[in-house]
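Each chain, written out:
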Amino acid sequence: MFDELGEFLGSANTRAAILGDLGQHVYLALLPLVVGVVLAIAIGAVAHRTRRLRGFFLVPANLIYTLPSLALFVVIPGIIGTRILDPVNVIVALSLYTTALLIRPVIEALDSIDASVVAAATAMGYRPLRRFFAIQLPLAVPVLAAGVRVASVSNISLVTVGAIIGTGGLGVLFTDGFAREYFAPIIVGIVLTLLLALVVDLVLVAMRKFLTPWQRGVST
Amino acid sequence: MIGDIVSWLGDPAHWTGPNGIWPRLWEHLGFCLLALGIATVIAVPLGAFVGHTGRGGVVLVGLANIVRALPTLGLVTFLFLIFTESKPATIIGLVVLAIPPILAGTYSGIASADERALDAATGVGMTGWQRLFQVEFPIAIPLLLGGIRNAMLQLVATTAVAAYVGLGGLGRLLLDGLAVLDYPKVVAGPCSPRCWRWQPISCSPGSSASSCRTGCGSPQPSPRDAAWRPSRPPRRRPHEAQTVRRAVRGRPARRLR
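Residue positions are given per chain, counted from 1 along the sequence in the order it is written. Here every chain gets a letter starting at A, and every ligand a number starting at 1, in the order they are written. Thresholds applied to this predicted model are a pLDDT of at least 70 for local features of residues and 80 or more for the giving and counting of side-chain atom pairs; totals over whole chains, interfaces and linings are not thresholded and use all residues.

### Some details on the overall build of chain A
For the record, the criterion: Working definition: helices are DSSP H or I runs of at least four residues, strands are E runs of at least two. Numbering for both runs from the N terminus. Every C-beta atom is placed from the backbone, and the number of other C-beta atoms within 10 Å of a residue's own sets its class: buried at 20 or more, exposed at 12 or fewer, partly exposed in between. What counts as a contact here is a pair of residues whose C-beta atoms, placed from the backbone, lie within 7 Å.
Each helix and strand counted, chain A has ten helices and zero strands in total. When the elements of chain A are put in sequence order from the N terminus, they spell out α-α-α-α-α-α-α-α-α-α. With the principal axes as the frame, chain A shows a C-alpha extent of 70 × 45 × 20 Å. Within chain A, the fraction of its 220 residues that count as buried is 42%. Expressed as a percentage of contacts within chain A between residues at least 6 apart in sequence, the contacts between residues at least 24 apart total 71%.

The structure is reproduced here in structure tokens:
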């Protein structure tokens, strides 16, 4: 098995192809993460302000998260009219998952903020929009960051499923290895996916530390 | 499109028979429940041990996170290649993926028991086991069931993916449908049922259906036959592996054997 691995990684062409897959994977996993975070913050802010809308957003969010990824990947082209091989399908599907996963943490994070802090900001003359971005959102970061970490890990692992429907990413190594009964690409794919998840997680932890300077020194 | 779906679902031929909806549904459910059962038997005692003794919590959380990052497709294809028989291997994969949520649920449920309740239990003279079964478990049940629910969720989705390596279930319908969705010509083509393993990725979106099915013509055993299994290819030299890889990506349907 290790000889195979050596042979597989020994060739410059293979390495270039794997790097291409890795780049594609990062793109397919992280773009939906960003889209999902932005959407979830927007929806969460609305749902936080009007309590009646909570169920309206939370119930579909729970439902979306129960959809099998493969089913979603396959059905989305039929709904939004893209081609089946279009990477946009995966991006849309993963954005949906990320949003669905993050709506609840966003609402909970906004709820957990001390009401007196918000009241103080209002008393100082902050208008709602500025109050949200300058006070509420930064204070929500610790809870939100935990949700984003979970979403990033699940995105990175789900992108590989996209290989079945033919979008790129490290999953190609799995379908490739399976079709050829060849262990090396599969092992390389698994290891790279895990490493990618780890690296992105570390970056997110660093970002959280940077965004919440008042919590430095407190263990996460 | 809705009309298509309704008329497809309305056709009784699509519901019964070996590739119908009902058999596939039962198959899917069976695999999920089997994996869920095995995972529960493994994960609940382990989670209870860690939660009860408080030992190994950090290791457990780390392990659960790693498994969450583990790509399901990679695990399933890997196990399929290691064990020559497809079904047990795939079920091992499903079990591996179902364990962390149950483990985390049990652990956090038992760890969530109020310190005072535990003190009281010790105070009235309960032994460790009695405390575990009569105090900690009842308290843990909501979170434990939440964990099992998460695991089932994961399993339903992953079983669909596992159809890729030949496990049945509803994923089979997805993949079969996918194979014909973008290439209507292939449906009419004589080789369509045998070509399910061609790699759609290698057809650029612009290329026509006919160019995508080059090489499909030679009759091959259908992987749906239970006994079907491709023979192991000869070990390749690196440069050969290279060509093969390019071939897989560049020209789809050629079987590399």
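Once the structure has been displayed, the description carries forward.
### What to know about the confidence of the model for chain A
Threshold: As a per-residue measure, pLDDT tells how confident the predictor is, with possible values from 0 to 100.
With 98% of its residues at a pLDDT of 70 or more, chain A shows a mean pLDDT of 87. Of all secondary-structure elements in chain A, the lowest mean pLDDT belongs to helix α1 (residues 2-10) of chain A, at 78, while helix α6 (residues 115-123) of chain A reaches the highest, 92.

### Digging into the nonpolar core
What counts here: Here a nonpolar core is just a set of buried residues of the types Ala, Val, Leu, Ile, Met, Phe, Trp, Tyr and Cys, joined wherever their C-beta atoms sit within 7 Å.
Core analysis: the biggest nonpolar cluster contains 107 residues, and Phe 73, Ala 93 and Val 106 of chain A together with Ala 35, Ala 39, Ala 98 and Ile 102 of chain B have the highest contact counts within it. It is helix α5 (residues 87-111) of chain A that contributes the most residues to this core, 15 residues altogether. Apart from the residues lying within four places of it in its own chain, the contact partners of Ile 102 of chain B are Ala 39, Thr 40, Ala 43, Val 44, Gly 47, Gly 147, Ile 148 and Ala 151 of chain B.

### Observations regarding the packing of α1 of chain A against helix α10 (residues 183-211) of chain A
Two measures define how a pair of helices packs: the angle their axes make with one another and the distance between the axes. Residue and element names in this part refer to chain A. Inclusion rule: All axes here are fitted lines through C-alpha atoms, helices being fitted over the stretch that makes contact, and every angle between N-to-C directions spans 0 to 180 degrees. In this scheme, roughly parallel covers angles under 35 degrees and roughly antiparallel covers those over 145, while 65 to 115 is roughly perpendicular and the rest are oblique. By the convention adopted, Pro, Cys, Tyr, Trp, Phe, Met, Ile, Leu, Val and Ala count as nonpolar, Lys, Arg, Asp and Glu as charged, and the other residues, Gly among them, as polar.
Where α1 contacts α10, the axes come no closer than 8 Å and their chain directions differ by 75°. With respect to α10, the axis of α1 lies roughly perpendicular. Contact residues: α1 offers Glu 4, Leu 5, Phe 8 and Leu 9, while α10 offers Phe 183, Ala 184, Pro 185, Ile 187 and Val 188. In the contact of α1 with α10, the residues fall into eight nonpolar, no polar and one charged.

### What to know about helix α4 (residues 69-80) of chain A
Given 3.6 residues per helical turn, the α-helix brings residues three or four places apart onto the same face. All names here are of chain A. We apply this condition: Helix span, expected: 1.5 Å multiplied by one less than the number of residues in the helix.
For α4, spanning twelve residues, the distance from its first C-alpha to its last is 16 Å, which sits close to the expected 16 Å at 1.5 Å a residue. Looking only at α4, the buried set comprises Ser 69, Leu 70, Leu 72, Phe 73, Val 74, Ile 76 and Pro 77. At the exit of α4 stands Gly 81, carrying a positive phi of roughly 80°.

### So, the environment of Ile 41 of chain A
With respect to the helices and strands, Ile 41 of chain A occurs in helix α2 (residues 12-49). Taking the C-alpha atoms as reference, Ile 41 of chain A lies 20 Å from Ala 121 of chain A; in sequence the two are 80 residues apart.

### Things to note about the packing of α5 of chain A against helix α7 (residues 128-159) of chain A
Residue and element names in this part refer to chain A. Selection rule: Take the far helix as your reference; a near helix turned counterclockwise from it by less than a right angle gives a left-handed crossing, and one turned clockwise gives a right-handed crossing.
Relative orientation of the contacting elements α5 and α7 amounts to 150°, with a least axis distance of 9 Å. On the basis of their axis angle, the class for α5 and α7 is roughly antiparallel. Our pair here, α5 against α7, has a crossing hand that is right-handed. Counted together, Val 90, Leu 94, Tyr 97, Thr 98, Leu 101, Leu 102, Pro 105, Val 106, Glu 108, Ala 109 and Leu 110 of α5 and Gln 136, Ala 140, Val 143, Leu 144, Ala 146, Gly 147, Val 148, Val 150, Ala 151, Asn 155, Leu 158 and Val 159 of α7 form the full contact between these two elements. Tallied by class, the residues present in the contact of α5 with α7 amount to 18 nonpolar, four polar and one charged.

### Overview of the confidence of the model for chain B
Residue and element names in this part refer to chain B. Per-residue pLDDT for chain B has a mean of 70; in total, 66% of the residues score no lower than 70. Looking at the elements of chain B, mean pLDDT is at its lowest for helix α9 (residues 184-188), recorded as 32, and at its highest for helix α6 (residues 115-123), recorded as 89. Overall, residues 182-257 carries pLDDT values under 50, and its contacts beyond four positions in sequence, including any with other chains, amount to 96 contacts. Across the interfaces of the predicted complex, the ipTM metric reaches 0.77, alongside a pTM of 0.73.

### Focus: the environment of Thr 193 of chain A
Examined against the element boundaries, Thr 193 of chain A turns out to sit in helix α10. Residue Thr 193 of chain A is classed as buried on the basis of its 27 C-beta neighbours within 10 Å. C-alpha separation for the pair Thr 193 of chain A and Ile 79 of chain A, spaced 114 residues apart in sequence, amounts to 29 Å. Once residues within four sequence positions are removed from consideration, Thr 193 of chain A is found in contact with Ile 156, Ser 157, Thr 160 and Leu 170 of chain A together with Ala 69, Pro 71 and Gly 74 of chain B.

### Considerations on the environment of Lys 87 of chain B
Residue and element names in this part refer to chain B. The topology assignment puts Lys 87 in helix α5 (residues 86-111). Given 16 C-beta atoms within a 10 Å radius, Lys 87 is considered partly exposed. As for Lys 87 and Ile 148, which are separated by 61 residues in sequence, their C-alpha atoms are 23 Å apart.

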